[in-house]
Amino acid sequence: PMAKTGDLRRAISGPWTITGTIMPLVESFLANHSRLIDHSRVYVTGLSNGAEAALTMAFTRPDIFALAVATDLRFISVQYHMQVINSWPKMQGPRRLRDVVLTEGEHDVTG
C-alpha cells in the first residue's frame, strides 16, 4: 500500500533521525576537522521544520553547539525538548550551549 504523506514525514523526521543520522555526520566532521574548528563557536540554525531539527540538535547535544537559531518555528514538541533540558544536570562534560534565538512565523503553512 501507498504511504500517506503524514506517515512519510514521520518516517524521515523526528529526534531519532537527528540522533541516528545527522548527529553522527556532525560528530565525524568535527572530529576530522578538529584543528580547523573553534569548538566554542559551533552553531546550528533552521527554518520552519528545520528549526525544530536545529533545536533538537542543540538541546540533545549542548556539549557541541554554542548557539541555536530557530526561525519561523512551529515548535510542536515542547514536552520532548523540556525533558531533554531537564536531563542536562545529569550530563558529564562541558555544556557549550549558551544562547537560543527563537522567532515564530505566523504564515508558515508547512506540516
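Summarised in this report is the structure supplied together with it.

The rules behind the values
- Residues numbered from 1 in each chain as written.
- Predicted model: local features only at pLDDT ≥ 70, side-chain atom pairs only at ≥ 80, totals over all residues.
- Heavy atoms only, no water.
- Helix = DSSP H or I, 4+ residues; strand = E, 2+ residues; numbered from the N terminus.
- Expected span 1.5 Å × (residues − 1).
- Buried < 20%, exposed > 50% of the residue type's maximum accessible area, 1.4 Å probe, protein only.
- Pairing = 2+ DSSP bridges.
- Axes fitted to C-alpha atoms, helices over the stretch in contact; angles between N-to-C directions.
- Contact = heavy atoms within 4.5 Å.
- Salt bridge = Lys/Arg side-chain N within 4 Å of Asp/Glu carboxyl O.
- Polar contact = N/O pair within 3.5 Å; in protein donor to acceptor, adjacent residues only side chain to side chain.
- Right-handed = clockwise from strand over helix to strand, strands pointing away.

**Observations concerning helix H3 (residues 49-60)**
The periodicity of an α-helix, 3.6 residues per turn, causes residues three or four places apart in sequence to face the same way.
Part 1 of the argument: Helix length check: H3, at 12 residues, gives a terminal C-alpha distance of 17 Å against a target of 16 Å (1.5 Å per residue), a fit within 8%.
Part 2 of the argument: Taken as a whole, H3 has its buried residues at Ala 51, Glu 52, Ala 54, Leu 55, Thr 56, Met 57, Ala 58 and Phe 59.

**Observations concerning the sheet that holds strand S3 (residues 99-104)**
Part 1 of the argument: Sheet architecture is open: 3 strands sit in the order S1-S2-S3, paired in parallel fashion. At either end of the open sheet lies a strand with only one pairing partner, and these are strand S1 (43-47) and S3. Mean inter-strand twist for the sheet, computed between neighbouring axes without regard to direction, equals 5°.
Part 2 of the argument: Taken strand by strand, H3 contacts S1, strand S2 (67-73) and S3, and its axis lies near 155° from that of S1.

**Considering the pattern of salt bridges**
Part 1 of the argument: Under the definition given, this model contains 4 salt bridges.
Part 2 of the argument: The partner of Arg 61 in a salt bridge is Asp 63, with the nearest N and O atoms 2.6 Å apart.
Part 3 of the argument: Given a relative accessible area of 22%, Arg 61 falls into the partly exposed group.
Part 4 of the argument: Taken together, the shared-partner salt bridges in this structure form one network comprising Glu 27, Arg 61 and Asp 63.

**Comments concerning unusual backbone geometry**
Part 1 of the argument: The phi angle at Ser 48 is positive, at roughly 60°, despite the residue not being glycine.
Part 2 of the argument: Relative to the elements of secondary structure, Ser 48 occurs in the loop between S1 and H3.

**A look at the side chain of Asp 63**
Part 1 of the argument: Structurally, Asp 63 is set in the loop between H3 and S2.
Part 2 of the argument: Asp 63 sits in the buried class, given a relative accessible area of 18%.
Part 3 of the argument: A polar contact is formed between the side chain of Asp 63 and the side chain of Arg 61, at a distance of 2.6 Å.
Part 4 of the argument: Sequence-distant contacts of Asp 63, that is, excluding residues within four places in its chain, are made with Met 91, Pro 94, Arg 95 and Arg 96.

**Some remarks on the pairing of S1**
Where a strand is regular, its side chains alternate between the two sheet faces.
Part 1 of the argument: Residue alternation in S1 divides its side chains into a buried set, Val 44 and Gly 46, and an unburied set, Tyr 43, Thr 45 and Leu 47.
Part 2 of the argument: Note: S1 against S2, 5 bridges, orientation parallel. Across the sheet, residue Gly 46 finds its bridge partner in S2, namely Ala 70.
Part 3 of the argument: As a crossover connection, the stretch from S1 through H3 into S2 is right-handed.

So yeah, pure geometry; function would need other evidence.
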